[in-house]
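Structure at a glance
For reference, the chains in residue letters:
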Amino acid sequence: MASAPAPDLYPAAIAHIGAIPESALRRSFYQRRGKRAFDLALGSLMFAGCLPLMLIVGVAVLLTSGWPVLYASERVGMDGRRFWMWKFRTMVHDADIVMEHWKRTHPDLAEQYATNYKLKDDPRVTPLGRFLRKSSLDELPQFLNVLRGDMSLVGPRPYLPALPPEARSMEVITSVRPAISGPFQVNGRNALTPQQRMQLDVDYATNLTFFGDCWLLLQTFKPIAKRDGD
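This section reports on the structure supplied with the text.

Reading guide: rules and limits
- Sequence positions are assigned chain by chain, starting from 1 and proceeding in written order.
- The predicted nature of this model means local features are confined to residues of pLDDT at least 70 and side-chain atom pairs, given and counted, to a pLDDT of 80 or more, with totals for whole chains, interfaces and linings taken over all residues.
- Computation of side-chain values covers all heavy atoms of the structure but excludes hydrogens and water.
- A run of H or I in DSSP becomes a helix once it reaches four residues, and a run of E becomes a strand once it reaches two; helices and strands are each numbered from the N terminus.
- Contacts are assigned to residue pairs that have any heavy atoms within 4.5 Å of one another.
- Put simply, a salt bridge is a Lys or Arg side-chain nitrogen that is within 4 Å of an Asp or Glu carboxyl oxygen.
- Residue exposure (1.4 Å probe, protein chains only): buried if accessible area is under 20% of the type maximum, exposed if over 50%, otherwise partly exposed.
- Polar contact criterion, stated in full: a pair of N or O atoms within 3.5 Å, where within protein one must be able to donate a hydrogen and the other to accept it, and residues adjacent in sequence count only if both atoms are side-chain atoms.
- Should DSSP find at least two bridges between two strands, the strands are taken to pair.

**Considering the side chain of Asp213**
- With respect to the helices and strands, the residue Asp213 is situated in helix H10 (residues 210–219).
- In contact with Asp213, not counting residues within four places along its chain, are Tyr30, Lys35, Val154, Tyr204 and Leu208.

**Re the pattern of salt bridges**
- Applying the stated criterion across every chain, the model contains six salt bridges.
- For Asp213, the salt bridge goes to Lys35, with nearest N and O atoms at 2.6 Å. Remark: Lys35 occurs in helix H2 (residues 29–65) and Asp213 occurs in helix H10; sequence separation between them is 178 residues.
- Judged by its relative accessible area of 1%, Asp213 falls in the buried class.
- Linking Asp79 and Arg81 is a salt bridge whose minimum nitrogen-to-oxygen distance equals 3.8 Å.

**Quick word on unusual backbone geometry**
- Of note, the bond from Trp67 into Pro68 is cis; its omega dihedral lies within 30 degrees of zero at 0°.
- Unlike most non-glycine residues, Ser136 shows phi in positive territory, near 65°.
- Within the secondary structure, Ser136 sits in the loop between helix H5 (127–135) and helix H6 (142–148).
- For Ser136, a relative accessible area of 11% translates into the label buried.

**Section: the environment of Ser44**
- Here Ser44 is to be found in helix H2.
- The exposure class assigned to Ser44 is partly exposed, which follows from its relative accessible area of 35%.
- It is 7.1 Å that separates the C-alpha atoms of Ser44 and Leu147, two residues lying 103 residues apart in sequence.
- Sequence-distant contacts of Ser44, defined by excluding residues within four places in its chain, comprise Asp39 and Leu147.
- Separated by 2.6 Å, the side chain of Ser44 and the backbone oxygen of Leu40 make a polar contact.

**Observations concerning the pairing of strand S2 (residues 82–88)**
- Sheet topology note: the strand S1 (residues 70–76)/S2 ladder contains seven bridges and is antiparallel. Considered in S2, the bridge of Glu74 is made with Trp84.
- Between S1 and S2, which follow one another and run antiparallel, lie five residues, and Asp79 among them has a positive phi close to 60°.

Encoded structure:
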C-alpha cells in the first residue's frame, strides 16, 4: 500500500507564498470543536446515503479488475500526522511495470510525467477507473476517513508526504484536517499550479468559517456534474 512518488514541485511554490502572520495559527471555536461536529453529523448522513452506490462501484471494480477493490495512499494529515487515504482502485495491478514500459516507449511524454506526475491518458488506469476518476466516484471511500477523523468534508486536499515540515505555509495548511472537497476542487483542480493550490489552501486555513465551508460544499457539485475530475 505504498504511496505514489511525489513530484518535487511544492518546495518551489512555498517560496512564493506571502508572509503568514502568527495569528494564522490561532484556531477559532468552529475550527476546534464545531467543524468536527459538522463532519460527523453530515458525514454520517452522506456515508449512509452513498453506501448503496459504494457497494455498486466496489462490485464493478471487483468484476472488471479483481481484488483489491480499495487502494490506500499515505498522506499528510492535521498537524503533520500521516494517515492512509482510501480510494477505489482505478489502476491495473502491475501499474509500476506498465509505467516503466510506457516510459521506454514514450520518451517524449516521459518528461511531462517526470515534471508533474500526471498524464492525460495514463496507461495504468483501467477503463472503469477513467470513469470513476472523471466522476470523482473513486473518492467515495474517503467518507470513512472523515468518520475516522483523518479528514474533513471541506478543506485542503491531502498532500503527499514529501514537503519540508518546517515550511510556514504547510504549518498553516495542516492546522486543519485535509478534506474530500475544498478550494482545490472548486477553483480548477489540476489546472492550478502548485503555487496557486498552496495559496488557496493557506487562504482557506486562515479564513475558515462555517458558512464558508457550506458554500464550498455546495460549489463542489458543479465540477462533479461536469465530470471534471482528474
